[in-house]
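Here is how the chains run, residue by residue.
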Amino acid sequence: MIVIGIFVALAITLFLAAFLTKRRFGLLGLALAAGATLSTMWQQDAGYVVATLGVIDDPTIASAVSLSAVVLLPAILLLFHGYSYKSMVGRLIGASLFTLLALAFLVEPIGRALPLEGFASSVYDFINANKELIISGGLIIAVVDLFFTKPASHHEKEKHKGHH
């Protein structure tokens, strides 16, 4: 039951982070891809660093936590900077896409670290079985989202400068 709670808490945290910050999915999705690329390159070293620090004793869990952190870090940094959605529907869709894409990138580390069962296992199995499709579709949608992102107009920038 604790494992299901951890899995669900991760999904809720990812969703709320994207939803509450109103950040657009395009840049966040590409940041997840950058993090996933780095985690693949640093796969061997990341677990050793966390294990060496002594924060987590189990090397499998240490590796999973460190790889997950590397995947999420670029997106987490961009949650505090970048373009945002104006509408509630955009925020809901963007946050949902971000959560699904993040879970698809994290499916392997999560599977190694958490013995999932019940509903969490069903969600995990679905994401794992479809991760290539989810990642491919998510990245295509992220790039398309960037095309619909309009920089703030000069007038809006000046208006915001006066309020700071």
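Residues numbered from 1 in each chain as written. Predicted model: local features only at pLDDT ≥ 70, side-chain atom pairs only at ≥ 80, totals over all residues. Heavy atoms only, no water.

K.L.:
I'm lost on the overall build of the protein chain in this one. Help?
P.N.:
Assigned secondary structure in the protein chain consists of 8 helices and 0 strands. Of all 164 residues assigned to the protein chain, the portion counted as buried reaches 38%. Counting only contacts in the protein chain whose residues sit at least 6 apart along the sequence, the fraction spanning at least 24 positions is 83%. (Helix = DSSP H or I, 4+ residues; strand = E, 2+ residues; numbered from the N terminus. Buried < 20%, exposed > 50% of the residue type's maximum accessible area, 1.4 Å probe, protein only. Contact = heavy atoms within 4.5 Å.)

K.L.:
Just to check I follow, could you spell out helix H5 (residues 88-113) for this structure?
P.N.:
In an α-helix, one full turn covers 3.6 residues, which means residues spaced three or four apart are oriented alike. The first and last C-alpha atoms of H5 sit 35 Å apart over 26 residues, in line with the 38 Å expected at 1.5 Å per residue. The sharpest bend along H5 reaches about 55° and sits at Leu 106, with the proline Pro 109 one to four residues further on. (Expected span 1.5 Å × (residues − 1). Bend = angle between axes of the 7 residues up to and from the residue.)

K.L.:
Looking at this structure, how should I read the packing of helix H2 (residues 25-41) against helix H7 (residues 131-147)?
P.N.:
Helix-helix packing is described using two parameters, namely the angle between the two axes and the distance between the axes. At a closest axis distance of 7 Å, the pairing of H2 and H7 adopts a crossing angle of 135°. With respect to H7, the axis of H2 lies oblique. The two elements H2 and H7 meet at a crossing, and its hand is left-handed. Judged by residue contacts, Phe 25, Gly 26, Leu 27, Gly 29, Leu 30 and Ala 33 of H2 engage Gly 138, Leu 139, Ile 141, Ala 142, Val 143, Asp 145 and Leu 146 from H7. Considered class by class, the residues forming the contact of H2 with H7 number 9 nonpolar, 3 polar and 1 charged. (Axes fitted to C-alpha atoms, helices over the stretch in contact; angles between N-to-C directions. Parallel < 35°, antiparallel > 145°, perpendicular 65-115°, else oblique. Left-handed = near helix turned anticlockwise from the far one by under 90°. Nonpolar A, V, L, I, M, F, W, Y, C, P; charged D, E, K, R; others polar.)

K.L.:
What am I meant to see in the packing of aromatic side chains here?
P.N.:
Aromatic rings in a pair are described by how distant their centres are and how their planes are angled relative to each other. By the definition in use, this model includes 1 aromatic pair. For the ring pair Phe 15 and Phe 19, a centre distance of 5.8 Å and an interplane angle of 10° mean the geometry is stacked. Residue Phe 15 and its partner Phe 19 are both found in helix H1 (residues 2-21); the two are separated by 4 residues, about one turn of the helix. The exposure class assigned to Phe 15 is partly exposed, which follows from its relative accessible area of 22%. Seen from the ring of Phe 19, Arg 91 lies directly overhead, with NZ or CZ sitting 4.1 Å from the centre. (Phe/Tyr/Trp six-rings, centres within 6.5 Å; stacked < 30°, edge-to-face > 60°. Lys NZ or Arg CZ within 6 Å of the ring centre and 35° of its normal.)

K.L.:
Where do I start with the pattern of salt bridges in this structure?
P.N.:
Charged atoms that come close allow side chains of opposite charge to pair. Evaluation of the coordinates by the stated rule reveals 2 salt bridges. Among the ionic pairs, Glu 108 bridges to Lys 131, the shortest N-O distance being 2.2 Å. Of this pair, Glu 108 sits in helix H5 while Lys 131 sits in helix H7, placing them 23 residues apart in sequence. What makes Glu 108 partly exposed here is its relative accessible area of 41%. We classify Lys 131 as buried; its relative accessible area is 14%. (Salt bridge = Lys/Arg side-chain N within 4 Å of Asp/Glu carboxyl O.)

K.L.:
Would you explain the packing of H2 against H5 in this entry?
P.N.:
Between H2 and H5, whose axes approach to 10 Å, the crossing angle comes to 10°. Comparing the axis directions of H2 and H5 gives the class roughly parallel. Of H5, the residues touching H2 (which contributes Phe 25, Leu 28, Gly 29, Leu 32, Ala 33 and Ala 36) are Gly 94, Leu 97, Phe 98, Leu 101, Ala 102 and Phe 105. For the contact of H2 with H5, the residue count by class is 10 nonpolar, 2 polar and no charged.

K.L.:
Help me out: how do you make sense of the environment of Leu 101 in this one?
P.N.:
Of note, Leu 101 is situated in helix H5. With 73 residues separating them in the primary sequence, Leu 101 and Leu 28 have C-alpha atoms 9.7 Å apart. Aside from chain neighbours lying at most four places away, what touches Leu 101 is Phe 25, Gly 29, Leu 32, Ile 134, Ile 135, Gly 138 and Leu 139.

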